[in-house]
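# Architecture and fold: a report
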Amino acid sequence: MAEITHRTLRAGGRSFHVAEAGEGPLVLLLHGFPELSYSWRHQLTGLAAAGFHAVAPDLRGYGGSDRPDGVDAYTIHHLVGDVVALLDALGAERAVVVGHDWGSQVAWHTALMRPDRVRGVAGLSIPYRPRSGLPPLPALRRAFGDRHYMLYFQTPGLVDEELARDLPATFRRMLGGTSGGAPAVDPVVPQGGCLLDIYPDSGVLPDWLTEDDIAVYAREFGRTGFTGGLNWYRNLTANWELTAPLAKARIPVPALYLAGADDFVIRAVDPAHLETELRRWVPHLRDLVLLPGCGHWVQQERPAAVTDALVAFARSLEPSDPSTTLTLEHR
């Protein structure tokens, strides 16, 4: 099995901790919230064994990477810019870009904004959705009231402090409570309660998650806090404004979508409708994979299945494939 190594890269004038393994065509793995490059530990070795150079950075605001001050340093333009800067620092003209959770949003938008740098894009958990006609925060307020968790995240310091009070408990609840087989999550923070109240607590870790894993996350977030990652959410309005030129844009490169069938993000969505909408906006979608009994943390819950799907997708992307060089499409 290939060894995972670690180093610090200077990219775009900032420092990024990266975990990497293998040699060959680059596959860049982007984590979500509250995660780290560690979330891709299984795929790093699996992709390396299949002949790829797999690289998972701690993204802006996380782990061993730079955590700039100020909410406005975490817009989608900054995050996509980081991906392009990392490709430059790694000496790669193009890469397969894979994201999970918030990392999926960054992966999709990298494919939209810089398709010349993306051989193919894979989104895990979060499907690509075109820019809405209504700003996201008023839309959430209209649908869920004032205490939807993304609205709750908007108050600086509030949830940052809540999550930091008992770090092992935070990760047991957030990771275990949205795992496959867990009860459905209500995304509304109860009145008088806190964020962790929305996650069911069985008192037992799912079989894919160990106390050692919890310790890794607790140690790193104990050192860095949660503000960097939460600042991504605090740019929802700014991102909606910044992406106005991308309204009705479609993903112009080969794509893969993969999620757990029990993922709270898509649990209530009819799979046929999900596929129809994805193919509408992602015309070069190669495959849609839903894993039964799997929850939100798909690459950690089902590491072999996810690695196999990513390897098959990356191998399908021949340099001569004309769909990898399409210009930006609009509906």
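The structure presented is a predicted model; accordingly, all values stated were derived computationally and were not measured. What you see as residue numbers is a count from 1 along each chain, following the sequence as written. Restriction of local features to residues with pLDDT of at least 70 applies here, the model being predicted, together with a cutoff of 80 or more for giving and counting side-chain atom pairs; totals for whole chains, interfaces and linings are based on all residues. The basis for every side-chain value is the complete set of non-hydrogen atoms in the structure, without hydrogens or water.

Turning our attention to the pattern of salt bridges. Each reported salt bridge corresponds to a side-chain nitrogen of Lys or Arg within 4 Å of a carboxyl oxygen of Asp or Glu. The final tally for this structure, using the stated rule, is twelve salt bridges. Between Glu20 and Arg7 there is a salt bridge, with its nearest N and O atoms 2.4 Å apart. Of this pair, Glu20 sits in strand β2 (residues 14–21) while Arg7 sits in strand β1 (residues 5–11); the two residues are 13 residues apart in sequence, bridging distant segments of the chain. Three labels apply to residues, based on accessible area from a 1.4 Å probe with only protein chains included: buried if under 20% of the type maximum, exposed if over 50%, partly exposed otherwise in between. According to the relative accessible area criterion, Arg7 is partly exposed, its value standing at 36%. With its nearest N and O atoms 3.4 Å apart, the salt bridge here joins Arg41 to Asp213. Only DSSP runs of H or I reaching four residues or more are called helices, and only runs of E reaching two or more are called strands; each is numbered from the N terminus.

Take Glu162: it is sitting in helix α6 (residues 158–164). Residues counted as positive are Lys and Arg, residues counted as negative are Asp and Glu, and His and the chain ends are not counted. Buried and unpaired, Glu162 has no salt bridge, with Arg165 as the nearest side chain of opposite charge at 5.0 Å.

So, about helix α13 (residues 303–315). Helix span is expected to be 1.5 Å times the residue number reduced by one. Here α13 contains 13 residues, and its C-alpha end-to-end distance of 18 Å stays within 8% of the 18 Å for a straight helix at 1.5 Å per residue. Every buried residue of α13 is listed here: Val306, Thr307, Ala309, Leu310, Val311, Phe313 and Ala314.

Here the focus is the nonpolar core. Nonpolar side chains in soluble globular proteins tend to end up buried together. Core analysis: the largest hydrophobic core is formed by 80 residues, its most contacted members being Phe33, Val121, Leu195, Ile251 and Tyr257. Setting aside residues no more than four positions away along its own chain, Val121 makes contact with Val97, Ala107, Trp108, Ala111, Ile251, Val253, Pro254, Ala255, Leu256 and Phe313. Counting 28 residues, the second-largest nonpolar core is a separate cluster that includes Leu29, Trp40, Leu124 and Cys294. Throughout this description, the term nonpolar core refers to a set of buried Ala, Val, Leu, Ile, Met, Phe, Trp, Tyr and Cys residues connected via side-chain atoms within 4.5 Å. Residues are treated as being in contact if the distance between any of their heavy atoms lies within 4.5 Å.

Next up on the list: the sheet that holds strand β5 (residues 95–100). Here, a strand pair is defined by DSSP locating no fewer than two bridges between the strands. One open sheet accounts for eight strands, arranged β1-β2-β4-β3-β5-β6-β8-β9; its pairing is mixed. Bordering the open sheet on either side are β1 and β9 (285–291), each of which pairs with just one other strand. Put simply, the sheet's adjacent strands are angled 20° from each other on average, direction ignored. Bridging between strand β3 (residues 26–30) and strand β4 (residues 53–57) involves three bridges; their strand directions are parallel. Note that in β4 the partner of Val27 across the bridge is Ala54. Structural elements are reduced to axes, namely lines fitted to C-alpha atoms, with helices fitted over the stretch in contact, and the angle between N-to-C directions of any two is expressed from 0 to 180 degrees. Contacts from helix α1 (residues 41–49) reach β2, β3 and β4 within the one sheet, and its direction differs from that of β4 by about 160°. Here helix α2 (residues 76–89) sits on the sheet and contacts β1, β2, β3, β4 and β5; the angle it forms with β1, its principal contact strand, is near 110°.

A few words on unusual backbone geometry. The omega torsion of the bond from Phe33 to Pro34 falls at -10°, within 30 degrees of zero and hence cis. Mapped onto the fold, Pro34 is located in the loop between β3 and α1. Of note, the phi angle at Asp101 is positive, near 60°, even though the residue is not glycine. Mapped onto the elements of the fold, Asp101 is located in the loop between β5 and α3 (102–113). Assessed through its relative accessible area of 7%, Asp101 is described here as buried. Positive phi, normally seen in glycine, also occurs at Lys248, with a value near 65°. Relative to the helices and strands, Lys248 resides in the loop between α10 (236–242) and β7 (249–250). According to the relative accessible area criterion, Lys248 is exposed, its value standing at 52%.

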